[in-house]
Amino acid sequence: MLVQKTSSTLIDTLRRRRQRLAALINFPVILWSGSSSPRNYPANVFPYRASSHFLYFTGLPLPNAAILLEAGKLELFMDNPKPEAALWHGEMPTPEEIAQLIGADAARPMAELDSFVEGAATIAVQDAATWTRQSQILNRWVLPQNPPQGIDLELAKAIISLRLIHDADALAELCQAATVTVEAHKAGMRFTMNAKIEAEVRAAMERVIIAHNMTTSYNSIVTVHGEVLHNEQYHHSLLAGDLLLADVGAETSGGWAADVTRTWPVSGKFSSTQRDIYNVVLAAHDACIANIRPGVEYQDIHLLACSHIAVGLKDLGILRGNPQDLVEMDAHALFFPHGVGHLVGLDVHDLEDFGDIAGYEEGRVRSDRFGLGYLRLNRPLRPGMLVTIEPGFYQVPAIFNNPHLRSKYQDVVNWERLSLFADVRGIRIEDDVLVTAEGSKVLTIELPTDVNDVEQLVQQAN
Ligand SMILES: [Mn+2]
């Protein structure tokens, strides 16, 4: 069977989602699922991932399908599989059977979609075959790189307002992704002392995810070069003095993501310099989480992390001056250049297909400050939002060797003192935090952050 059976509660959830959408807009919506992209010839394809907006309203990763949403109704457009497909792919459910699984009001062949496009809004799907088809059938450009306009923008804002706040079904899936991700990280820690290169630890972690019939929600980062923020190489040897940074998250079959980072010593024991910096990052992480509650500005959470980093690095003798002044001049960003986190949901950087429309409250734009420009979320927090908290410390050569930055911050950094911390190239500690009515709930709380607990897990080598 192509698709797993859906539960009756999911059908209710899907109905509620489209009724809530209908309450926000007064025009029809057509959402395409997307199609798989070929590698070297049409039948050898990259792993297929349905569009998240399609998944939100159908719960199923159907390829080559579209849905019409109008006044709370759902119609599925999908062709019967070609008769010869059964040879390669097995018996497939009919569109009518799939329509029943997702509580759709009708199933129609794709060719009929043409007669429903009048006045319909849509959202561009990333794969070229699909956005080309969207543009043809709607007779206007629908391009993933263009910000939505007109009714497409109205639709985007309506969907953002729904997807920002997770319902019970979404939360159940997000918790599953978080639980499996925690297990994957524990497996990675326990395997490290047996591993010779990064790839072996990655395999131990992804094994857990794959064994739960999940996928990774983004390309795993498992590296002894944590200072390369999006390092996707796994060939480096693990040496006794190294820290290993692992940013690995699971995605459920319904598409819901987790995003977690831990940093641990390859030897099972942090050096004193590694421990000192780790505890600075951990203090920032803990303070941010302790302050998450409805109404708090996410940018203030980010600035709280910055100020903990500044205080901690000043206490270690790495930064000089008044911590508040250091944050105001963005000196913390020499070591913590990215934002403290982002939205998580059906995507790991949830809703970022709309640029900053989702991440930034209406009327706000990105700052051009060195210490704020990479902040991906700038809204007051509301119950039901899921965000990451992921402060870090990195020694990035591209930053330290930048002549402009080097001269601007020449006097506030004790470079000689910093050189004693050469065995700390990159540390990040990242958890997934749900905003609740009372405050917050850390979905990944079962994964230790404390140095002694982390060391103990690594030392449990199997
Ligand atoms: Mn993240």
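Residues numbered from 1 in each chain as written. Predicted model: local features only at pLDDT ≥ 70, side-chain atom pairs only at ≥ 80, totals over all residues.

## Comments concerning the overall build of the protein chain
Right, on to step 1. Secondary structure assignment for the protein chain yields 15 helices and 16 strands.
Right, on to step 2. Taken over C-alpha atoms, the radius of gyration comes to 24 Å for the protein chain, in line with the 23 Å a tight globule of 462 residues would show.
Right, on to step 3. Across its three principal axes, the protein chain shows a C-alpha extent of roughly 70 × 50 × 45 Å.
Right, on to step 4. In the protein chain, once contacts between residues fewer than 6 apart in sequence are set aside, the share between residues at least 24 apart is 72%. (Helix = DSSP H or I, 4+ residues; strand = E, 2+ residues; numbered from the N terminus. Rg over C-alpha atoms; globule rule 2.2 N^0.38 Å. Contact = placed C-beta atoms within 7 Å.)

## Side note on the packing of helix H7 (residues 168-191) against helix H15 (residues 451-459)
Right, on to step 1. Between H7 and H15, the least distance of the axes is 6 Å, while the angle of their chain directions is 65°. Relative to H15, the element H7 lies roughly perpendicular. Contacts between H7 and H15 involve Lys186, Met189 and Arg190 on the former and, on the latter, Val454, Leu457 and Val458.
Right, on to step 2. Class assignment of the residues belonging to the contact of H7 with H15 gives a composition of 4 nonpolar, no polar and 2 charged. (Axes fitted to C-alpha atoms, helices over the stretch in contact; angles between N-to-C directions. Parallel < 35°, antiparallel > 145°, perpendicular 65-115°, else oblique. Nonpolar A, V, L, I, M, F, W, Y, C, P; charged D, E, K, R; others polar.)

## Quick look at the nonpolar core
Right, on to step 1. In terms of nonpolar packing, the biggest core is built from 124 residues, with Leu31, Ile67, Ile309 and Phe393 touching the most fellow members.
Right, on to step 2. Looking at this core element by element, the count peaks at 9 residues for H7.
Right, on to step 3. Leaving out residues up to four positions away in the same chain, isoleucine 309 has contacts with Val280, Ala284, His332, Phe335, Phe336, Pro391 and Phe393. (Core = buried A, V, L, I, M, F, W, Y, C linked by C-beta atoms within 7 Å. Buried ≥ 20, exposed ≤ 12 C-beta atoms within 10 Å, placed from the backbone.)

## Details of the sheet that holds strand S11 (residues 260-265)
Right, on to step 1. Pairing is antiparallel across the open sheet formed by 3 strands, whose spatial order is S8-S9-S11. Edge positions in the sheet fall to strand S8 (221-223) and S11, since each of these pairs with one other strand and no more. Going from strand to strand, the sheet's axes swing by 10° on average, the running direction of each strand aside.
Right, on to step 2. Packed on one face of the sheet, H7 meets strand S9 (243-248) and S11 and runs near 160° to S9.
Right, on to step 3. Where helix H8 (residues 198-211) meets the sheet, it contacts S8 and S9, and its direction lies at approximately 140° from that of S8. (Pairing = 2+ DSSP bridges.)

## Quick look at the packing of helix H1 (residues 8-24) against helix H6 (residues 150-163)
Right, on to step 1. Taken N-terminus to C-terminus, the directions of H1 and H6 make an angle of 135°; their axes are 10 Å apart at the nearest point. Overall, the two elements H1 and H6 adopt an arrangement that is oblique. In the packing of H1 onto H6, the handedness of the crossing is right-handed. Between H1 and H6, the contacting residues are Arg17, Arg20, Leu21 and Leu24 on the first element and Ala158, Ser161 and Leu162 on the second.
Right, on to step 2. Looking at the contact of H1 with H6, its residues break down into 4 nonpolar, 1 polar and 2 charged. (Left-handed = near helix turned anticlockwise from the far one by under 90°.)

## Concerning the pairing of strand S4 (residues 66-70)
Right, on to step 1. Burial analysis of S4 places 4 of its 5 residues in the buried class, the great majority of the element.
Right, on to step 2. Across 4 bridges, strand S1 (residues 29-32) lies against S4 in antiparallel orientation. Directly across from isoleucine 30, in S4, lies its bridge partner leucine 68.
Right, on to step 3. Hairpin connection of S4 to strand S5 (residues 73-77): 2 residues between the antiparallel strands, including alanine 71 at a positive phi of 50°.

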